Every structure is written in C-alpha cells, then in structure tokens.
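Here's the letter readout for the chains.
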Amino acid sequence: MIINQERPPRSSRLRRLLCCFLIVAASIAVVGAIESSRDTVRTESDSAEDDARRMDILAVAGPTPTPFPCPLCWFARTRTENFEALTPPQLPGGWLATNALGPPPLWVTSDSGLPMPPADTAPNAVFIDDPAVVSDKWLDGWFVSFFEDCCVLLTFRHNFNLEASGLDPNLGFDGGVLELSTDGGNTFQDILAAGGGFVSGGYNRTIATDRGSPIAGRQAWSGNSNGFITTVVGLPAAGLQGRLRWRMASDNSGGNEGWRVDSLYMTWCEGMGTPCPTPTPRRGSTPTPRSRPTPLPHP
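Residues numbered from 1 in each chain as written. Predicted model: local features only at pLDDT ≥ 70, side-chain atom pairs only at ≥ 80, totals over all residues. Heavy atoms only, no water.

1. Considerations on the overall build of the chain
Looking only at helices and strands, the chain has three helices and 16 strands in total. Taking all 299 residues of the chain together, 43% fall into the buried category. Relative to all contacts within the chain whose residues are 6 or more apart in sequence, the contacts with residues 24 or more apart total 80%. Carbon and sulfur atoms make up 56% of the accessible area of the chain, which amounts to about 15,800 Å² in all. (Helix = DSSP H or I, 4+ residues; strand = E, 2+ residues; numbered from the N terminus. Buried < 20%, exposed > 50% of the residue type's maximum accessible area, 1.4 Å probe, protein only. Contact = heavy atoms within 4.5 Å. Areas by Shrake-Rupley, 256 points an atom, 1.4 Å probe, with all protein chains shown as cover.)

Structure representation (structure tokens):
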C-alpha cells in the first residue's frame, strides 16, 4: 500500500479502470454461481459422476476466496483475519471496541454461545450481543490506506439474529452496519455513503424510526441469517486513508441473540510497481529499410 500525493498519469488511471472492470466482472460471476448453487435442488437421481464434477462455489467465496488476477503490471495483494490465534475475549492488536451507548458487554472474541454456530472457521469469531435496551456498539478494525491501488474487495462471513419485525420482512428493529472512515478514523459513514458498494450479501432490512435506534431509518443487516452468510463489498480505494467499523445498534423494544463476524479477507491490486516491459516487435511488424540499387550507366 502506497501513500503518494502526486496525480497519477493518464495511463495509470486507464489501467486502474481496466483492473476494476475485470475484478468486478469476476466477482459478479462468482456471486451468480453462488446463487445458482443455492437454488439447485438435489434429488436422489443425481449421479456420483455429477457430484465429482461439482465445484464447491461456497468454499471459493467463503473464508479464503481465490484472489482475482490483476492485469498488466499490477500486483495482487491480500490480507486476512480469522481470529483463530486469539484467546477469548482478546481482540486483534490495534482493534478497538467501544460502547457509545448502552451497557456492557463490548465486542469480544468468542468461541461459544448464540447465534449458532459460534464461528465460521473454528474456534473463534468476534461477537456482540443484542440487548433489550438502546445501545450503540462499535468494533473498529482494519486501518486501510490506498493510493495508486484499485479494485479493493472485502469479503467476510457473518451470522446474526437481531430483533426484527415478524410481519414486515423489510423492517428491522435492531441491526448491524458496516461503516468506513476516509479521514484516518476520525469520522465514519456508512460504506454505501462513503462510495463503496455490495457485490453480494448486502443489507436486507431498514431500521424502524419510532423505537429509539441510533441507526433509525438506515439500511442494515437485521433478522435471522440462519447461520453464516458471505458478504462481499467493494471499497472506494482512490486516495483512501481510513478505517473499517462494524456497528450494532439496538432500540428499546426488545433484544435477540446477537451478531458474529469471522473470516475477513481483503484483496486489491497494487499499481505502479515494476514498469511494463516494452513489447518485442514481431518479425515483419517494422519494415527494415533496404538500400536502393545503383542505376547502371547509359551506354
């Protein structure tokens, strides 16, 4: 990751756009395969040969997805966190849990409890409860810093059961959101407002405005995910120097089991490394000048 204040040349911007196009196209292809695999109904007539040829799409898009290739002279970079090396309730170094409103507990690393299962990759995930009172609980995670980079994709797995309406499938009461700071961690805004976008697993409900939630009226993850699901989100990389935040907010109408986050995986293309080599001309692509014949003298 490079910090530089010079304006990238036009060729660099063109390579960045090409890179973004290829990465997003590949992401959409993977997500489409995931949805297709979920919609497929298996029957007893499925043959063993079909099973042998079947690709495990969920594994590809889950804890350790395959990085998409970067074009031209860009370099693929990755960053991961699965919380496995930690002893609960310890958080990774540099991560910060804060209760802006409401009682303890704060975000912690957890290896047991609800919602089940407790982790995507055993034994640990980070966890926050969903209390029956107004609360606003933050987990400030990775610092991110990009300049001449592109196509930043964040993948994570999460399992939530947060209070939501049982009558309106679009309405949530307690919910979780992903936020991004673009000023080094001083202020935060929703990932969508910051210029990011979901490739898959985006918000599924809107938080009610009449029950005191700190994120009232916002889109969020709410209700029951019924186990770990995959979220893929594109970050606005150009000139970005900030931090990621997972935020859970509850209202005064009741609580539920909580929210677990695991298997973070970030991939991006780092640009302006070794200059692109000059293409070798193919035979015949550049004509070789020929000497003109010397005219014969007149008789």
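2. With respect to the environment of Ile-128
Mapping Ile-128 onto the fold places it in strand β4 (residues 125-130). With a relative accessible area of 0%, Ile-128 lands in the buried category. Leave out the neighbours within four places in its chain, and Ile-128 touches Pro-105, Leu-106, Trp-107, Lys-137, Met-248, Gly-258 and Trp-259.

3. Examining the sheet that holds strand β11 (residues 205-207)
Taken in spatial order, the three strands line up as β7-β11-β12 in an open sheet, and their pairing is mixed. Only two strands of the sheet have a single neighbouring strand rather than two, namely β7 (171-172) and β12 (219-220). Pairing of β11 with β12, which is carried by two bridges, proceeds in the antiparallel orientation. From the neighbouring strand, Arg-205 faces β12, where its bridge partner is Ala-220. (Pairing = 2+ DSSP bridges.)

4. Quick look at the sheet that holds strand β9 (residues 189-190)
Strand order in the open sheet formed by five strands is β2-β5-β15-β8-β9, with antiparallel pairing between adjacent strands. The open sheet is flanked by β2 (96-101) and β9, the only strands paired with a single partner. As defined by bridge partners, β2 adjoins strand β5 (residues 135-145) across five bridges and the pair is classed as antiparallel. Note that in β5 the partner of Asn-99 across the bridge is Lys-137.

5. Thoughts on the packing of aromatic side chains
Given two aromatic rings, their pairing is described by the distance between the two centres and the angle made by the two planes. Across all of its chains, the model carries 10 aromatic pairs by this definition. Ring geometry for Trp-95 and Trp-246: centres 6.1 Å apart, planes at 5°, overall stacked. Of this pair, Trp-95 sits in the loop between β1 (75-81) and β2 while Trp-246 sits in strand β15 (residues 241-250), and the two are 151 residues apart along the sequence. Pair check on accessibility: Trp-95 and Trp-246 agree, each one buried. When the centroid spacing of 5.3 Å and the interplanar angle of 75° are considered together, the rings of Phe-146 and Trp-268 count as edge-to-face. (Phe/Tyr/Trp six-rings, centres within 6.5 Å; stacked < 30°, edge-to-face > 60°.)

6. Looking at the state of the cysteines
Per the counting criterion, the structure on display carries two disulfides. Each sulfur of the disulfide joining Cys-70 and Cys-269 lies 2.0 Å from the other. Around the S-S axis, the bridge from Cys-70 to Cys-269 shows a dihedral of about -95° and counts as left-handed. Note that Cys-70 is positioned in the loop between α3 (57-60) and β1 and Cys-269 in strand β16 (residues 256-270), a separation of 199 residues in sequence. Its relative accessible area of 17% is what places Cys-70 among the buried residues. Between the sulfur of Cys-150 and that of Cys-151 lies a disulfide, 2.5 Å long from S to S. (Disulfide = S-S within 2.5 Å.)

7. Quick notes on the pattern of salt bridges
The tally for this structure, following the rule as stated, stands at nine salt bridges. A salt bridge links Glu-270 to Arg-77; the nearest nitrogen and oxygen atoms lie 3.1 Å apart. Remark: Arg-77 occurs in strand β1 and Glu-270 occurs in strand β16; sequence separation between them is 193 residues. Put simply, Arg-247 and Asp-136 hold a salt bridge, and the shortest N to O gap is 2.7 Å. Of the two residues, Arg-247 sits in strand β15 while Asp-136 sits in strand β5, which places them 111 residues apart along the sequence. Assessed through its relative accessible area of 5%, Asp-136 is described here as buried. Here the salt bridges do not stand alone but share partners, grouping Asp-136, Glu-179, Asp-190, Arg-218 and Arg-247 into one network. (Salt bridge = Lys/Arg side-chain N within 4 Å of Asp/Glu carboxyl O.)

8. Some thoughts on the nonpolar core
Trp-107, Leu-154, Leu-178, Leu-244, Trp-246, Trp-259 and Met-266 are the most contacted members of the largest nonpolar core, which has 40 residues in total. Secondary structure elements with two or more residues in this core: β4, β5, β6 (149-162), β8 (175-181), β14 (229-235), β15 and β16. In this structure Met-266 touches Arg-77, Thr-78, Arg-79, Trp-142, Val-144, Phe-146, Val-152, Leu-153, Leu-154, Leu-235 and Leu-244, once residues within four positions along its chain are discounted. Judged by nonpolar contacts, the second largest core, of five residues, contains Cys-70, Trp-74, Cys-150 and Cys-151. (Core = buried A, V, L, I, M, F, W, Y, C linked by side-chain atoms within 4.5 Å.)

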